[in-house]
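Chains, contacts and geometry: an overview
Spelled out, the chains give:
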Amino acid sequence: MTTQTPSKTARSEALFARARAVTPGGVNSPVRAFKSVGGTPRFIREAHGAYLTDADGERFVDYIGSWGPMILGHNHPAVREAVADALQFGTSFGAPGEREVELAELVTRLTGAGKVRFTSSGTEATMSALRVARGFTDRKLIVKFRGNYHGHADGLLVEAGSGLMTNLDGPLGESAPSSAGVPPEYAALTLVSEYNDPAALDTLMAERGPEVAAVIFEPVVGNAGVLIPTPEFLAALHRVQNGGALLIADEVMTGFRLSLSGATGLLGLRPDLSCWGKIIGGGLPVGAYGGRSDVMDFVSPQGPVYQAGTLSGNPLAMAAGLATLRTLETDPGVYGRLETYTSRLADGLKSLAAETGVPISVNRIGSMLTPFFQDVPHGSVRNYAQAARSDTQAFGAWFRELLSRGIYWAPSQFESIFVSAAHTDAELNATLEAARAAFADLNSPRLSAHEGVSP
Ligand SMILES: *Cc1c(COP(=O)(O)O)cnc(C)c1O
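Residues numbered from 1 in each chain as written. Predicted model: local features only at pLDDT ≥ 70, side-chain atom pairs only at ≥ 80, totals over all residues. Heavy atoms only, no water.

**Comments concerning the site of the ligand**
- Taken together, Ser-121, Gly-122, Thr-123, Tyr-149, His-150, Gly-151, Glu-218, Asn-223, Asp-250, Val-252, Met-253 and Lys-278 make up the full set of residues near the ligand.
- Here Gly-122 contributes a backbone N or O atom positioned 2.8 Å from an oxygen atom of the ligand.
- Side-chain polar atom of Asn-223 to an oxygen atom of the ligand: 3.2 Å apart, as the coordinates give it.
- Expressed as a share of its isolated accessible area of 380 Å², the protein-covered part of the ligand is 83%.
- For the shell around the ligand, the residue count by class is three nonpolar, six polar and three charged. (Near = heavy atom within 4 Å. Polar contact = N/O pair within 3.5 Å; in protein donor to acceptor, adjacent residues only side chain to side chain. Areas by Shrake-Rupley, 256 points an atom, 1.4 Å probe, with all protein chains shown as cover. Nonpolar A, V, L, I, M, F, W, Y, C, P; charged D, E, K, R; others polar.)

As structure tokens, this is what we get:
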């Protein structure tokens, strides 16, 4: 960290100390604490376009995009103006309003879902979708995949990815809770299979299929690093529908990111239900679940499955979501530009790593990308176990070097980065320049001698 001086993080350090005194670990969501990469988490003061500015006034090219929502870039004028406009009329009604109807019409039109229900987070969306699936099928079990993350509801904190990507070493089928506080009795209702392993899923469904209410999956995994599904695996997922289990695509990360109709549109999926979050709220707290009308009609007050929310359909959040999705829809070139930028970033990282002799294996699809620090061919990391073989020490050192050079990469080996429409050639060149130096430093004795992950 050649350019790093204490004064550059003084305010973040002071805020982090204050935060730790009043908040567990000093953060309101675990990965923000930089625990797996070391160093001081930067407290962010403002964000515009492709950039974050921290409390010490340092500016960074941002590749987190608030973990997905900011596909248009930060503080996009259309979103800001829509929220400001909505703000004049009050912040919450506790009664239905026009914007909820408009966003539901837009989401159903873009995704092909019959009906949709808004929540305030992705976690609420997946949790509720599972309850509906259980209510509709009158079955108890669900199936998820090792290293997939679906938010922090009890039954989904089983072999989960994202901030929980450690120690997932138990035998498959054993449903080990990923978190203290999840009763094993809850975890036992969640069966776990291996991502991209069609035979394992077929076997599990042959044994337990009649008890399975739903199979929930990330159609492209972002929460174990980026993992791309094989066509054979997608075919096996669709086979579960033959036995009456519902297929639930968790598009909280991929929805409206991989295409206007999400991974579902891009990969030709036919889920019974889907879950959304992140982009659908344009940076405000929104989640949603929806799909087949006959299934969604089980939701209260139409049907017997209860689900509610004081702030669900909040007018400011609906305004931000509407502005984001409308902007995406009226700029059909946006996904092509994201693709071009991110594929050039991937190619650049591959050749810089090769030049400097640092082994990485890049997975990329659309504007999602992970460089796994391990010596296997690009594109060959297909599941949690393979992702977990990465050199997280090397990743951490690389991350800290990038940060010291003004590039804010995702602070974990097991996350995707997110490119936004505000990233241009200038940011791409700055990123590759910093990456070149970070790869080179990775092989220098100075770094390996002095830089470890700090406690
Ligand atoms: C982020 C995420 C969630 C959880 O959404 P929150 O809004 O953080 O509760 C669920 N599923 C996937 C795939 C996600 O990426």
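**Re the pairing of strand E1 (residues 44-48)**
- With four bridges connecting them, E1 and strand E2 (residues 51-54) associate as antiparallel partners. Following the sheet pairing, Glu-46 is matched in E2 by Thr-53.
- Linking E1 back to E2 in an antiparallel pair, the connection comprises two residues, with Gly-49 at a positive phi of about 55°. (Pairing = 2+ DSSP bridges. Helix = DSSP H or I, 4+ residues; strand = E, 2+ residues; numbered from the N terminus.)

**Some points on the domain arrangement of the chain**
- Examined at the domain level, the chain breaks down into domain 1 (10-63 + 332-450) and domain 2 (77-329).
- In this structure, domain 1 and domain 2 have C-alpha centres spaced 26 Å apart.
- The interface of domain 1 with domain 2 comprises 25 residues on the first partner and 33 residues on the second.
- At the boundary of domain 1 with domain 2, total buried surface from both sides reaches about 2,200 Å², with 64% on carbon and sulfur atoms.
- Contact with domain 2 buries surface across domain 1, with Tyr-335, Arg-382 and Tyr-384 losing the most and accounting together for 35% of the total.
- Linking domain 1 with domain 2 are zero salt bridges, by the criterion used here. (Domains from an automatic or database assignment. Contact = heavy atoms within 4.5 Å. Buried area = accessible area lost by both parts, 1.4 Å probe. Salt bridge = Lys/Arg side-chain N within 4 Å of Asp/Glu carboxyl O.)

**As for helix H13 (residues 392-404)**
- Between the first and last C-alpha of H13 there are 18 Å, a value that for 13 residues agrees with the 18 Å anticipated at 1.5 Å per step.
- Of all 13 residues in H13, eleven are buried; the element is thus mostly enclosed.
- Buried residues of H13: Ala-394, Phe-395, Gly-396, Ala-397, Trp-398, Phe-399, Arg-400, Glu-401, Leu-402, Leu-403 and Ser-404, and no others.
- Two or three places before Gln-393, at the start of H13, stands the capping residue Asp-391, its side-chain oxygen 3.1 Å from that residue's backbone nitrogen.
- Remark: Gly-406 follows H13 within two positions and exhibits a positive phi of approximately 85°. (Expected span 1.5 Å × (residues − 1). Buried < 20%, exposed > 50% of the residue type's maximum accessible area, 1.4 Å probe, protein only.)

**Focus: the side chain of Ser-390**
- Structurally, Ser-390 is set in the loop between helix H12 (384-387) and H13.
- The exposure class assigned to Ser-390 is buried, which follows from its relative accessible area of 7%.
- Excluding anything up to four places from it in sequence, Ser-390 contacts Phe-372, Phe-373, Gln-374 and Gln-413.

**Focus on the sheet that holds E1**
- On the basis of which strands lie adjacent, the open sheet formed by four strands has the order E1-E2-E3-E13 and mixed pairing. Each of the sheet's edge strands pairs with one partner strand only, and the pair in question is E1 and strand E13 (407-408).

**Digging into helix H11 (residues 334-356)**
- Between the first and last C-alpha of H11 there are 33 Å, a value that for 23 residues agrees with the 33 Å anticipated at 1.5 Å per step.
- Of all the residues in H11, the buried ones are Val-334, Tyr-335, Leu-338, Tyr-341, Thr-342, Ser-343, Leu-345, Ala-346, Gly-348, Leu-349, Leu-352 and Ala-353.
- On its buried side, H11 packs onto helix H10 (315-329), strand E11 (361-365), strand E12 (368-372), H13, strand E14 (417-418) and helix H14 (425-442).
- Count one or two residues on from H11 and you reach Gly-357, which has phi positive near 75°.

**Focus on the packing of helix H6 (residues 198-208) against helix H7 (residues 231-239)**
- At their nearest, the axes of H6 and H7 sit 9 Å apart, and the two run at 15° to each other. Viewed along their axes, H6 and H7 adopt a mutual orientation that is roughly parallel. Crossing of H6 against H7: the hand is left-handed. Of the residues in H7, those touching H6 at Pro-198, Leu-201 and Asp-202 are Glu-232, Phe-233, Ala-236, Leu-237 and Arg-239.
- Of the residues in the contact of H6 with H7, the class split is five nonpolar, no polar and three charged. (Axes fitted to C-alpha atoms, helices over the stretch in contact; angles between N-to-C directions. Parallel < 35°, antiparallel > 145°, perpendicular 65-115°, else oblique. Left-handed = near helix turned anticlockwise from the far one by under 90°.)

**What to know about the side chain of Thr-431**
- Along the chain, Thr-431 turns up in helix H14.
- Taking relative accessible area as the criterion, Thr-431 reaches 1% and is therefore assigned buried.
- In this view, Thr-431 contacts Val-61, Tyr-63, Tyr-341, Leu-345, Ile-407 and Trp-409; residues no more than four positions away in its chain are not counted.

**What about the pattern of salt bridges?**
- The final tally for this structure, using the stated rule, is 17 salt bridges.
- The partner of Glu-401 in a salt bridge is Arg-405, with the nearest N and O atoms 3.0 Å apart.
- Take Arg-405: its relative accessible area is 30%, and that puts it in the partly exposed class.
- Connected through salt bridges with shared partners, the residues Asp-272, Arg-292 and Asp-294 form a single ionic network.

**Here we look at the sheet that holds E11**
- Reading across the sheet, the three strands line up as E11-E12-E14 and stay open at both edges, with antiparallel pairing between neighbours. Of all the strands in the sheet, just E11 and E14 have a single pairing partner and so form its edges.
- Strand direction decides the pairing type here: E11 and E12, joined by five bridges, are antiparallel. Residue Val-362 lies in a different strand from E12, and its bridge partner there is Pro-371.

**Points about the nonpolar core**
- Ranked by internal contacts, the top residues of the largest apolar core, which has 75 residues, are Phe-256, Leu-325, Leu-345, Leu-349, Trp-398, Trp-409 and Phe-439.
- Domain assignment of the residues forming this core places at least three in each of domain 1 (10-63 + 332-450) and domain 2 (77-329). (Core = buried A, V, L, I, M, F, W, Y, C linked by side-chain atoms within 4.5 Å.)

**Structural notes on unusual backbone geometry**
- Going from Ser-300 to Pro-301, the amide bond is cis rather than trans, its omega being 10°.
- Here Pro-301 lies in the loop between helix H9 (293-296) and H10.
- A positive phi angle, near 65°, is found at Phe-256, a position not held by glycine.
- Mapped onto the elements of the fold, Phe-256 is located in the loop between strand E8 (246-250) and helix H8 (262-267).

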